[in-house]
Amino acid sequence: MKRLNLWMVALMALSFSFTFVSCSDDDNTDNTEQAKAIAGTYKGYSIGESRMFSDYLMGSDASATITANTDGTINLVYKSGSGDFTLNNLKVSSKSFKGEGEVALAMGGNTPGNYEYTLEGSVSDAKVLTLKANVPVPMGGIDINFIQGETPIAYYVASTYQYDTNLAISVRGTSYGSTEDCKAIVKRASETTVDITLNGFGNLSGGGNMNLGDFTISGVKVEKANSGYTLSLGAFESAAESASGTTPITGESLEGTVTANGKANITVAFKPGAMPMAITTVFTGNVNETSAQ
């Protein structure tokens, strides 16, 4: 009986050993198949989020290339448009992965600096890649998100135009002042529209003092043109906020252009409050100091 029991124990142990090895092989096979399933090159664009900016286009021609390794891991090269994130031998689980490394990140045309980062991503069954890199040091931390697909046109004009600026107003061709202390803030509202906030009416000189605060023009249409982009909108309503209170704005039209190198020219016809005649405002400005050159 004792001899029989020993043989039974030995057989059971051997059975468990085979079972364990079999599971390990299955796991490795699953990982290898998942790595192969998500391999490929994904094209899209990169959007940045930080304490200093949001919904910021960091790269309009971004790509992520995933290569499957024979051991079930993957290699990733993510070209974000502001820096290249390269990671090797990432483990794959349920078509998801994560890792960490160091990237040379360039912001605003400045010399790139080296920063540590973490990255995580996944690929859906429809082979859509979701990818986010977090760089915790610059600007209080930056999240760089890869979005698969074509870049919406509104991103190409969304920015703050604050260099080499001028804001001038006129009524029926007669000038009522101008200022260089102004700016236009353009934010993406949808794939094809933006919201434009005009600033500087309280700084006008050489004419009348409007005592008018900033106001935002919503739903401005963006279209591609030969030399850049066009802006257009028909009648609109808004409100200008100032120290003296709120002034209703009745807009008649907006038209403008943004060149490929970031120079904006925006003309707006509107009536503040109960004013019977429309004011024509012309704003010009650049995204950066060199775009006017």
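Thresholds, definitions, all that
- Think of each chain on its own: its residues are numbered from 1, step by step along the sequence as written.
- Given that this is a predicted model, residues contribute local features only at a pLDDT of at least 70 and side-chain atom pairs are listed and counted only at 80 or more, while totals for whole chains, interfaces and linings are drawn from all residues.
- Only hydrogens and water are removed before side-chain values are computed, so all heavy atoms of the structure are retained for them.
- Secondary structure elements are defined from DSSP: runs of H or I of at least 4 residues count as helices, runs of E of at least 2 residues count as strands, and each element is numbered from the N terminus.
- We call two residues in contact whenever any of their non-hydrogen atoms come within 4.5 Å of each other.
- Note on areas: Shrake-Rupley, 1.4 Å probe, and residue coverage restricted to the protein chains presented here.
- Put simply, a salt bridge is a Lys or Arg side-chain nitrogen that is within 4 Å of an Asp or Glu carboxyl oxygen.
- Under the scheme applied here, a residue whose accessible area is under 20% of the maximum for its type counts as buried, over 50% as exposed, and between as partly exposed, the area being computed with a 1.4 Å probe on protein chains only.
- Paired strands, as defined in this entry, are two strands with at least two bridges between them according to DSSP.
- Only the stretch in contact is used when fitting a helix axis, every axis being a line fitted to C-alpha atoms; angles between N-to-C directions are given from 0 to 180 degrees.
- Ring pairs shown here join Phe, Tyr and Trp side chains whose ring centres sit within 6.5 Å, with only the six-membered ring taken for Trp; geometry is labelled stacked below 30 degrees between planes, edge-to-face above 60, and tilted in between.
- By definition here, charges over rings are those cases where NZ of Lys or CZ of Arg is within 6 Å of the ring centre and within 35 degrees of the ring normal.
- Identification of polar contacts relies on pairs of N or O atoms within 3.5 Å, with a donor-acceptor requirement for protein atoms, meaning one able to donate a hydrogen and the other able to accept it, and with residues adjacent in sequence counted only if both atoms are side-chain atoms.

From N to C terminus, the protein includes one helix and 19 strands. Considering only contacts within the protein whose residues lie at least 6 apart along the sequence, 48% involve residues at least 24 apart. Of the roughly 16100 Å² of accessible surface on the protein, a fraction of 50% belongs to carbon and sulfur atoms.

Evaluated as defined, the whole model comprises five salt bridges. As a salt-bridge pair, Asp 55 and Arg 188 come within 3.0 Å of each other at their nearest N and O atoms. One end of the pair, Asp 55, is in the loop between β1 (40–50) and β2 (56–68); the other, Arg 188, is in strand β12 (residues 183–188), with 133 residues separating them in the sequence. What makes Asp 55 partly exposed here is its relative accessible area of 23%. Notably, a salt bridge pairs Glu 252 with Lys 271, separated by 3.8 Å at the nearest N-O pair. With Glu 252 in strand β17 (residues 245–259) and Lys 271 in strand β18 (residues 263–272), this residue pair connects regions lying 19 residues apart in the sequence. The class for Glu 252 is partly exposed, based on a relative accessible area of 40%.

Turning to the pairing of strand β15 (residues 228–233), a few remarks are in order. Both strand β14 (residues 215–225) and β15 contribute to a ladder of five bridges, which runs antiparallel. In the strand pairing of β15, Glu 223 is matched with Thr 230. As consecutive antiparallel partners, β14 and β15 are separated by two residues. Relative to β17, β15 runs antiparallel, the two being bridged by six bridges. From the neighbouring strand, Tyr 229 faces β17, where its bridge partner is Val 258.

Let us now look at unusual backbone geometry. Across the chain, the bulk of peptide bonds are trans and the bulk of non-glycine residues have phi less than zero. Positive phi values are uncommon outside glycine, yet Asp 164 reaches one of about 50°. Notably, Arg 172 is not glycine yet its phi reads approximately 50°, a positive angle.

Here we come to the sheet that holds strand β5 (residues 96–105). Pairing is antiparallel in the open sheet, where eight strands are placed in the order β4-β3-β2-β1-β8-β7-β6-β5. Strand pairing shows two members of the sheet lacking a second neighbour, β4 (84–90) and β5, which therefore form its edges. When strand polarity is set aside, the average angle formed by the axes of neighbouring strands in this sheet is 25°. The pairing of strand β6 (residues 113–123) with strand β7 (residues 129–135) spans six bridges and is antiparallel.

Another point: the packing of aromatic side chains. The full count for this structure, using the stated rule, is nine aromatic pairs. When the centroid spacing of 5.5 Å and the interplanar angle of 20° are considered together, the rings of Tyr 78 and Phe 85 count as stacked. Ring centres 5.5 Å apart and planes at 15° place the aromatic pair Phe 201 and Phe 215 in the stacked group. Taken as a pair, Phe 201 in the loop between β13 (193–199) and β14 and Phe 215 in strand β14 lie far apart in primary sequence, 14 residues in all. Each residue in the set Tyr 78, Phe 85, Tyr 117 and Phe 146 is aromatic and connected to the rest through ring pairs, giving one cluster. A cation sits over an aromatic face here: Lys 224 above Tyr 229, 5.3 Å from the ring centre.

This paragraph deals with the pairing of strand β8 (residues 142–148). Two elements, β1 and β8, share seven bridges in a ladder whose sense is antiparallel. Bridge assignment links Ile 47 to a residue of β8, and that residue is Asn 145. Looking at chain direction, β7 and β8 are connected through six bridges and run antiparallel. In the sheet register, Leu 131 faces β8, and the bridge partner there is Phe 146.

Position of Glu 100 among the secondary structure elements: in strand β5. For the pair formed by Glu 100 and Thr 118, sequence separation is 18 residues and the distance between their alpha carbons is 4.2 Å. With residues up to four places along the chain from it excluded, the contact list for Glu 100 reads Leu 87, Tyr 117 and Thr 118.

To continue, consider the side chain of Ser 63. Position of Ser 63 among the secondary structure elements: in strand β2. When sequence neighbours within four positions are dropped, the list of residues in contact with Ser 63 reads Tyr 42, Lys 43, Val 77, Tyr 78, Lys 79 and Phe 146.

Time to look at the environment of Asn 134. Within the element layout of this structure, Asn 134 appears in strand β7. According to the relative accessible area criterion, Asn 134 is partly exposed, its value standing at 27%. Placed 17 residues apart in sequence, Asn 134 and Tyr 117 show a C-alpha to C-alpha distance of 5.5 Å. Beyond its immediate chain neighbours, meaning those up to four positions away, Asn 134 contacts Glu 116, Tyr 117, Thr 118, Ile 142 and Asp 143. In this structure the side chain of Asn 134 is engaged in a polar contact, spanning 2.7 Å, whose partner is the side chain of Asp 143.

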